[in-house]
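One-letter residues, chain by chain:
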Amino acid sequence: ALGYLLLGVVIPRFALLFDKLAWNDPDYWLATGWFLVAAVAIWESNRRLALLLRAQLDWLRQPLWKLAILVAANFVCTIPLTIGAVQLWLWHIHLPFPMFDWLATTRVIATNNTVTVLFLLHAYETLFLIRERHGDRRRFEHLERARLQAELENMKGQLAPHFLFNCLNTLTALIERDPPTAVEFNTHLADVTRYLLTQKNRDLVSLTEELAFLRSYVRLMELRFPLSLRIALPALAAADTRRVPPASLQLLLENAIKHNRHSEAEPLAIDLRIESETLIITNPLRPKSSLRPTAGTGTGLA
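Residues numbered from 1 in each chain as written. Predicted model: local features only at pLDDT ≥ 70, side-chain atom pairs only at ≥ 80, totals over all residues. Heavy atoms only, no water.

Attention shifts here to the packing of aromatic side chains. As enumerated under the stated definition, the model contains 1 aromatic pair in all. A ring pair is formed by Tyr195 and Phe213, whose centres lie 4.2 Å apart and whose planes are at 10 degrees; its orientation type is stacked. Remark: Phe213 occurs in helix α6 (residues 207-224) and Tyr195 occurs in helix α5 (residues 179-199); sequence separation between them is 18 residues. The burial state of Tyr195 is the same as that of Phe213; both residues are buried. (Phe/Tyr/Trp six-rings, centres within 6.5 Å; stacked < 30°, edge-to-face > 60°. Helix = DSSP H or I, 4+ residues; strand = E, 2+ residues; numbered from the N terminus. Buried < 20%, exposed > 50% of the residue type's maximum accessible area, 1.4 Å probe, protein only.)

A separate point is the nonpolar core. Phe185, Leu214, Leu220, Ile231, Leu253 and Ile270 are the most contacted members of the largest nonpolar core, which has 30 residues in total. Sorting the residues of this core by element identifies α4 (102-177), α5, α6, β2 (229-232), α7 (248-259) and β4 (268-275) as the ones contributing at least two each. The dominant element in this core, judged by the number of residues it contributes, is α6, at 9 residues. Discounting residues that sit within four places of it in the chain, Leu214 has contacts with Leu233, Leu249, Gln250, Leu253 and Leu272. (Core = buried A, V, L, I, M, F, W, Y, C linked by side-chain atoms within 4.5 Å. Contact = heavy atoms within 4.5 Å.)

Here His188 lies in helix α5. The buried category is assigned to His188, whose relative accessible area is 18%. The contacts of His188, once residues within four sequence positions are left out, are Ser216, Arg219 and Leu220.

This part is about the pairing of β4. Relative to β4, β2 is paired through 4 bridges, and the arrangement is parallel. Residue pairing for β4: Ile231 is matched across the bridge by Ile270. Two elements, β4 and strand β5 (residues 278-282), share 5 bridges in a ladder whose sense is antiparallel. Paired with Leu272 across the bridge in β5 is Ile281. Taking the residues that link successive antiparallel strands as the turn, the β4-β5 hairpin has 2 residues, and the phi of Ser276 there is positive, at about 55 degrees. (Pairing = 2+ DSSP bridges.)

Time to look at the environment of Thr78. With respect to the helices and strands, the residue Thr78 is situated in helix α3 (residues 63-92). It is 8.4 Å that separates the C-alpha atoms of Thr78 and Ser45, two residues lying 33 residues apart in sequence.

Let's shift gears to the confidence of the model for the protein. Considering every residue of the protein, the mean pLDDT works out to 77; 75% of them sit at 70 or more. Note that residues 95-100 has pLDDT below 50 and, in this model, 6 contacts with residues that lie over four places away or in other chains. (pLDDT = per-residue confidence, 0-100.)

Right, let's get into the pattern of salt bridges. On inspection of all chains with the given rule, the structure shows 10 salt bridges. When the shortest N-O distance is used, the salt bridge between Glu222 and Arg219 registers 3.5 Å. Of this pair, Glu222 and Arg219 both sit in helix α6, separated by 3 residues, roughly a single helical turn. Residue classification places Glu222 among the partly exposed residues on the basis of a relative accessible area of 26%. Between Arg261 and Glu266 there is a salt bridge, with the nearest N and O atoms lying 3.9 Å from each other. Several salt bridges converge on common partners, so that one network encompasses Glu184, Arg219 and Glu222. (Salt bridge = Lys/Arg side-chain N within 4 Å of Asp/Glu carboxyl O.)

What follows covers the packing of α6 against α7. The contact between α6 and α7 brings their axes to 9 Å, and the two run at 30 degrees. In terms of their interaxial angle, α6 and α7 are classed as roughly parallel. Considering only the axes of α6 and α7, their crossing is right-handed. Of the residues in α7, those touching α6 at Leu207, Glu210, Leu211, Phe213, Leu214, Tyr217, Val218 and Met221 are Ser248, Leu249, Gln250, Leu253, Glu254 and Ile257. Grouping the constituent residues of the contact of α6 with α7 by class yields 10 nonpolar, 2 polar and 2 charged. (Axes fitted to C-alpha atoms, helices over the stretch in contact; angles between N-to-C directions. Parallel < 35°, antiparallel > 145°, perpendicular 65-115°, else oblique. Left-handed = near helix turned anticlockwise from the far one by under 90°. Nonpolar A, V, L, I, M, F, W, Y, C, P; charged D, E, K, R; others polar.)

Written out as structure tokens, the structure is:
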């Protein structure tokens, strides 16, 4: 719209093509329509060339080469169309203005048109690059979200089998030596497994739900490692609205227990607390002395 206004209305008047025409003269409105048509032709031909070059040349990889071609294309499109439009109009009004300096007028209007089109195309391409930058940023954010989602799904997919196999081995041992404890262990295992199955398709769960699940998991670990763990969990109001990824806290506890030494003589203290909007989990670092590599995928650690 700005290109049409400048090329079709402002520049012809600046070049004095309307100097001797009154607003109520039919030729005044004929000239206005004629130069607007010329403006559409000039701008659209340049715009189409810019779009063609945009598809063929990358501003970021070939900026100087693209700029040179864009300027050359501007001259090729603008100057012939401008000269043609002005000459046809001067031919139309030749009798009323026999002394009109058509050469000087053509030179002025062609120069102004060329400079105007160059300026507008520069603004046009700059806006395009800004939109492309925003688009790239949105695409990057979308890909980053998809990557994080894939990592979360991968974590949740690996969590349940890994955890379940460990618990079944413990349950087998408890059934043989302590059936009542095995019954309690089985009850908590059912609660934990139900939670993992029902929440695996959710990205976030309430912190209250997660802590209720975590208490069942902690009881399983206490039955599995009697007197070797001291795990403190915070109390929350039932209406707490904060949310976390499902089973994320269980992963932290599992890795603390899995990779640190603990025994009845040297219990492992794990403390989970909430400070303002931050959830903090701490434990002493006691790397196991065994040189044997720990089984697992490393997903929880990552």
